[in-house]
Structure formats: structure tokens, C-alpha cells
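# Observations on the model geometry
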Amino acid sequence: MQKPIPKNEEIELDPKRYIVSETDEKGKITFANDYFQEISGYNLDELIGEPHSIVRHPDMPKVVFKLLWETIKQGKNINAVVKNLAKDGRYYWIFTEFEIRKDTDTGKIIGYHASRKKISRHVIEIIAQLYAELLKIEKSEGVEASEKYLIEFLKSKGETIEFANIMEEIHRFY
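Here's a quick rundown of the structure. (Residues numbered from 1 in each chain as written. Predicted model: local features only at pLDDT ≥ 70, side-chain atom pairs only at ≥ 80, totals over all residues. Heavy atoms only, no water.)

## Digging into the packing of helix α3 (residues 62–73) against helix α5 (residues 143–156)
Just so we agree on the cut-off: For helices, the fitted axis covers only the stretch in contact; all axes are lines through C-alpha atoms, and the angles between them, taken along N-to-C directions, range from 0 to 180 degrees. For the purposes of this entry, the term helix denotes a DSSP run of H or I that reaches at least four residues, the term strand denotes a run of E that reaches at least two, and both are numbered from the N terminus. Any angle that falls under 35 degrees is termed roughly parallel, while one over 145 is termed roughly antiparallel, one within 65 to 115 roughly perpendicular, and all others oblique. Only heavy atoms matter for contacts: two residues are in contact if any of them lie within 4.5 Å across the pair. Only Asp, Glu, Lys and Arg are considered charged in this grouping, and only Ala, Val, Leu, Ile, Met, Phe, Trp, Tyr, Cys and Pro are considered nonpolar; every other residue, Gly among them, is considered polar.
Running from N to C, α3 and α5 cross one another at 75 degrees; their axes reach a closest spacing of 9 Å. Taken together, α3 and α5 sit at an angle that is classed as roughly perpendicular. Two secondary-structure elements touch here, α3 through Lys 62, Val 63, Lys 66 and Leu 67 and α5 through Val 143, Ser 146, Glu 147 and Leu 150. For the contact of α3 with α5, the class distribution of residues is four nonpolar, one polar and three charged.

As C-alpha cells, this is what we get:
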């Protein structure tokens, strides 16, 4: 499936509704609720079996997903702010809570559950600036340099904040 060309047009989310999806352990979509389909513009047949990156916006730095995957593969839940790309090229910002799904008998990770909701404009503005800087570094110096910048950014806030907690701590920064 070909990726849409991004438009500079934001989709307004309903603050009372959640976008929900589930994936297998490799990130392929196994479930998408009606609101996910409505906002993304993809129907269920187009989503099931596809990698969740089908909705990844090119403004998202690779380092964010690198750290996200490292965290959830360790069996830790994580929260993140993500800019997604709809099928028609529009975008939407979301606060996402990623949760691990484990086999109850073996304890092995069998997939992930994500609930997404609207996020405040204030947080979007802060994160968008950070992501733009990370993306700029990635394009010129690579993902490793971007990760180093992010770590230094977190240290500069005078806290020992892990990436997994940055979204919850963002209000304390500013």
C-alpha cells in the first residue's frame, strides 16, 4: 500500500473518544476500533495484518519509535505523543498509552494494546519542536546522534527522566 502525501491539515479529535488498536508482537495490526478507522480513513480490511507504521507521519523521528520498541519489548508499558498520518494525507496528534499483552500461561509477550486520545495544544507545541529538532539531527547525523541529543535534552531538565516518562513530565519542563 502506498503512503499518502502529507497535507498541512489537522484532523480535530473528539476529546471524549479513544482510538484503540491491538497488534501482534511484531507490530502488525490485529484489531482497530471504529474510531481508529474513522480518523485514519482506513477500513478494517485495509488495517488488519498491516504494520502499525501504516499511519506513521514522516514528521515523526525514528528515535521515538526505536526507544518505544526497546521499552515495550522489555515488557514495560509506555506513554508517547505521536503525530499520525491519515489515508487522505491529513494528520492527527495523539497521546498514546501502550500496554503489553502477555500469554497468561507462559508470560511471553504476544502483542500490544494501544489507547489514544486527544492531547492539549500546549503539549503538542512543545513536543513538535523537540521532534523537529530530533528529525533534523537524524537527517544530518543519524538516529544514534538523535538519541544522544534526546538523552542530553532530558538531562538538561535536571531530572533523571526516562523516555518512557517524558510525556508525563512534560508539564514540569515548561
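Read on for the rest.
## A few points about the packing of aromatic side chains
To keep it simple, the criterion reads: The criterion for an aromatic pair is that two Phe, Tyr or Trp rings (for Trp, the six-membered ring) have centres within 6.5 Å, with stacked assigned to planes under 30 degrees apart, edge-to-face to planes over 60 apart and tilted to the rest. For the exposure calls, accessible area comes from a 1.4 Å probe over protein chains only, and a residue counts as buried if that area is under 20% of its type's maximum, exposed if over 50%, partly exposed in between. Distance and angle both matter: a charge sits over a ring if NZ of Lys or CZ of Arg is within 6 Å of the ring centre and within 35 degrees of the ring normal.
What the rule picks out here adds up to two aromatic pairs. Plain terms: the ring middles of Trp 69 and Tyr 112 are 5.4 Å apart, the flat faces sit at 90 degrees to each other, and that makes the pair edge-to-face. Here Tyr 112 lies in strand β5 (residues 109–117) and Trp 69 lies in helix α3, a separation of 43 residues in the sequence. For Tyr 112, a relative accessible area of 5% gives the class buried. Its end group placed over the ring of Tyr 91, Lys 83 keeps NZ or CZ at 4.3 Å from the ring centre. Across from the ring centre of Phe 36, 5.6 Å away, lies the NZ or CZ of Arg 116, which sits over that ring.

## Topic: α5
Test applied: Take the number of residues in a helix, subtract one, and multiply by 1.5 Å to get its expected span.
Helix length check: α5, at 14 residues, gives a terminal C-alpha distance of 20 Å against a target of 20 Å (1.5 Å per residue), a fit within 8%. Buried within α5 are the following residues: Ala 145, Ser 146, Glu 147, Leu 150, Phe 153 and Leu 154.

## Some words on helix α4 (residues 121–141)
Spacing of three or four residues puts side chains on the same side of an α-helix, whose turn is 3.6 residues. What counts here: The arc in question is formed by the directions pointing from the helix axis toward the C-beta atoms.
Along its 21 residues, α4 runs 30 Å from first to last C-alpha, staying within 8% of the 30 Å computed at 1.5 Å per residue. Taken residue by residue, α4 has Val 123, Ile 124, Ile 126, Ile 127, Leu 130, Tyr 131, Leu 134, Leu 135, Ile 137 and Glu 138 as its buried positions. Down the axis, α4 shows its buried residues gathered within 165 degrees of arc, on one side only. The outward face of α4, more than 90 degrees from its buried face, is lined by the exposed residues Gln 129, Lys 136, Lys 139 and Ser 140.

## What about the sheet that holds strand β4 (residues 91–102)?
To keep things clear, this is the line we draw: Note on pairing: DSSP must find at least two bridges between two strands before they are called paired.
On the basis of which strands lie adjacent, the open sheet formed by five strands has the order β2-β1-β5-β4-β3 and antiparallel pairing. Edge positions in the sheet fall to β2 (29–32) and β3 (78–85), since each of these pairs with one other strand and no more. Adjacent strand axes in the sheet meet at a mean angle of 30 degrees, parallel and antiparallel pairs treated alike. In terms of strand pairing, β4 meets β5 through eight bridges, oriented antiparallel. Looking at β5, one finds that Glu 97 is bridged to Ser 115.

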